[in-house]
Structures are given as structure tokens and as C-alpha cells.
Amino acid sequence: MRKFIPMIIACITVMLLGALIVRHETQLAAGTPMYAKLAPVDPRSLIQGDYMQLGYALVGINDVDAETVDDHEHGKRRQAWVMLDDANRIVSADWQASNTHSTPLMLTFHHWQWHPATDSFLFAEGLGECYGEARYAKLSVADDGQAMLVDLVDENLQVLNCQDGVSWWQGAQDRSH
């Protein structure tokens, strides 16, 4: 009987991971696309490789003085309400719902800023210049305001396609195309 315990634990782990993947894929497919203006912070990490530390320009939320927010707020989650333009770009945000701010968006406080999704975006080595062109974060937002980062896009909300032409086994741009 004891020899089956590791196999049972492995099966339970695989089922839990599968359920998480299905839940996130469902949110990506069914969520409302929204675009948050980016305020990039740091494009590189010596330990992790290439990545972009993301900041979000949420007018009405992140334009408050950082010194007025206590350090104990780190990791705190709070419901905000956003106003969207015709292209689903976030124009402004407020802590109170109103006629103009009627779309819910859950935010997390991290690094002295409120974030609708993750605060970093990892990418293959050598693509930093391409992703440096990003101006908006494309989010998939569920009805309850939970957001997931889908991709980074340019000022015209077009996907950057930085992964095209990457030679994964060499870790650099494939210049043969």
C-alpha cells in the first residue's frame, strides 16, 4: 500500500495543476480585453535574464504621492473602477464606482504602485529592444475584475510579435528571414 502513496500524491498534484491551467485558459478566452498604459521601470535583470519591470499609468490611482501609502499596504488587494475609451484603453481609475467609472478592476499594491496584473514581463534573451517599444499591457479581465496580463502591445494596440524570428536553441534573433 505504501508504494502507491507517491503515485497518488503525483496524480493529485497533476489534477490540481490541470485545474489551475483550465481556469486561467478560460479567463484568457472569456475575459474582456483591456489595455493599460505602461510605465516601464527596469528592462533587465542580471539574475533572471531579460525582463521588463512593469508600472501601470492608472490616472486617478497611481498618481498619488507614494509617501502617503504605508509600507504595510504591500500585497494588499483592492477593487477599483475604470473608465474605458472606445478601444478599451483604461482612461482613468477611481476607488468608487460611478457613471463614468463602471468597469471593475482588481488591483494589487506592489513596489509603491497599484497593479492590475503582474508587475514583470519575462521574455527571451535578445528581445529587450523589441519589447522596449511596448506602450500598453493587454489584459484579459473577468467580470469580477480579476486581470491577467496577455501581452504587451504598441501605441496602436498591435501585438509586437517579438517572438517571431527567434531561434530558441541559440537564444538570439534569427537573421536568416
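It should be noted that the structure appears before, not after, this text.
Let me begin by describing the structure that accompanies this report. The structure displayed is predicted, hence computed values, not measured ones.

1. Thoughts on the pattern of salt bridges
Taken as a whole and assessed by the stated rule, the structure comprises one salt bridge. Asp85 serves as the salt-bridge partner of Arg89, at 2.7 Å between the closest nitrogen and oxygen. On the accessibility criterion, Arg89 (25% relative accessible area) is partly exposed. In this structure Asp85 comes out as partly exposed when scored by relative accessible area, which is 22%.

2. Some remarks on the sheet that holds strand β7 (residues 113-115)
Strand order across the open sheet formed by four strands is β5-β4-β6-β7, with antiparallel pairing between neighbours. Both outer strands of the open sheet, β5 (90-94) and β7, are each paired with one neighbouring strand and no more. The average angle at which neighbouring strand axes cross in this sheet is 45 degrees, direction not considered. Pairing between strand β4 (residues 77-84) and strand β6 (residues 103-110): six bridges, direction antiparallel. Bridging across to β6, Trp81 finds its partner in Pro104.

3. Some words on the state of the cysteines
Each disulfide is one covalent bond, formed between the sulfur atoms of two cysteines. A complete count under the given rule lists one disulfide for this structure. Here Cys130 engages in a disulfide with Cys162; their sulfurs sit 1.9 Å apart. Every disulfide takes its handedness from the sign of the S-S torsion; for Cys130 and Cys162 that torsion is -85 degrees, giving left-handed. Here the residue Cys130 occupies a position in helix α2 (residues 128-131), and Cys162 occupies one in the loop between β10 (147-153) and β11 (166-167), the gap between them amounting to 32 residues. The exposure class of Cys162 is buried, given its relative accessible area of 3%.

4. Quick look at the pairing of β5
Bridge count between β4 and β5: four bridges; the pairing is antiparallel. For Leu84, the partnering residue across the bridge sits in β5 and is Ile90. Hairpin geometry of β4 and β5 is characterised by an intervening segment of five residues between the two adjacent antiparallel strands and by a positive phi of about 65 degrees at Asn88.

5. Regarding the packing of aromatic side chains
Overall, the coordinates contain five aromatic pairs when judged by the stated rule. Each ring, one from Phe121 and one from Tyr131, has its centre 5.1 Å from the other, and the planes form 65 degrees; the classification is edge-to-face. Taken together, the residues Phe121 in strand β8 (residues 120-122) and Tyr131 in helix α2 connect sequence positions 10 residues apart. No difference in accessibility class separates Phe121 from Tyr131, as the two residues are buried. Here a set of aromatic residues connected by ring pairs shows up, and it is made of Trp95, Phe109 and Trp114. Sitting above the plane of the Tyr136 ring, Lys37 keeps its charged end 5.2 Å from the centroid. A cation over an aromatic ring shows up here: Arg78 above the ring of Trp95, its NZ or CZ 3.9 Å from the ring centre.

Definitions and limits used
- Per chain, residue numbering runs from 1 following the sequence as it is written.
- At least 70 in pLDDT is required for a residue's local features to be given in this predicted model, at least 80 for side-chain atom pairs to be given and counted, and no such filter applies to totals for whole chains, interfaces and linings, which use all residues.
- Hydrogens are left out, water is left out, and the side-chain values use all remaining heavy atoms of the structure.
- Salt bridge, as used here, is a side-chain nitrogen of Lys or Arg placed within 4 Å of a carboxyl oxygen of Asp or Glu.
- Burial here depends on accessible area, computed with a 1.4 Å probe over protein chains only, as a share of the maximum for the residue type. Under 20% is buried, over 50% is exposed, and the range in between is partly exposed.
- Here, strands pair whenever DSSP counts at least two bridges between them.
- Each helix corresponds to a stretch of at least 4 residues labelled H or I by DSSP, and each strand to a stretch of at least 2 residues labelled E; elements are numbered beginning at the N terminus.
- Note on definitions: angles span 0 to 180 degrees between N-to-C directions of axes, and those axes are lines fitted to C-alpha atoms, for helices only across the stretch in contact.
- Cysteine sulfur atoms that come within 2.5 Å of each other are treated as a disulfide pair.
- Any two of the Phe, Tyr and Trp rings considered here, Trp counted by its six-membered ring, make a pair once their centres fall within 6.5 Å; the pair's planes then place it as stacked at under 30 degrees, edge-to-face at over 60, or tilted in between.
- Only when the NZ atom of a Lys or the CZ atom of an Arg is both within 6 Å of the ring centre and within 35 degrees of the ring normal do we say a charge sits over the ring.

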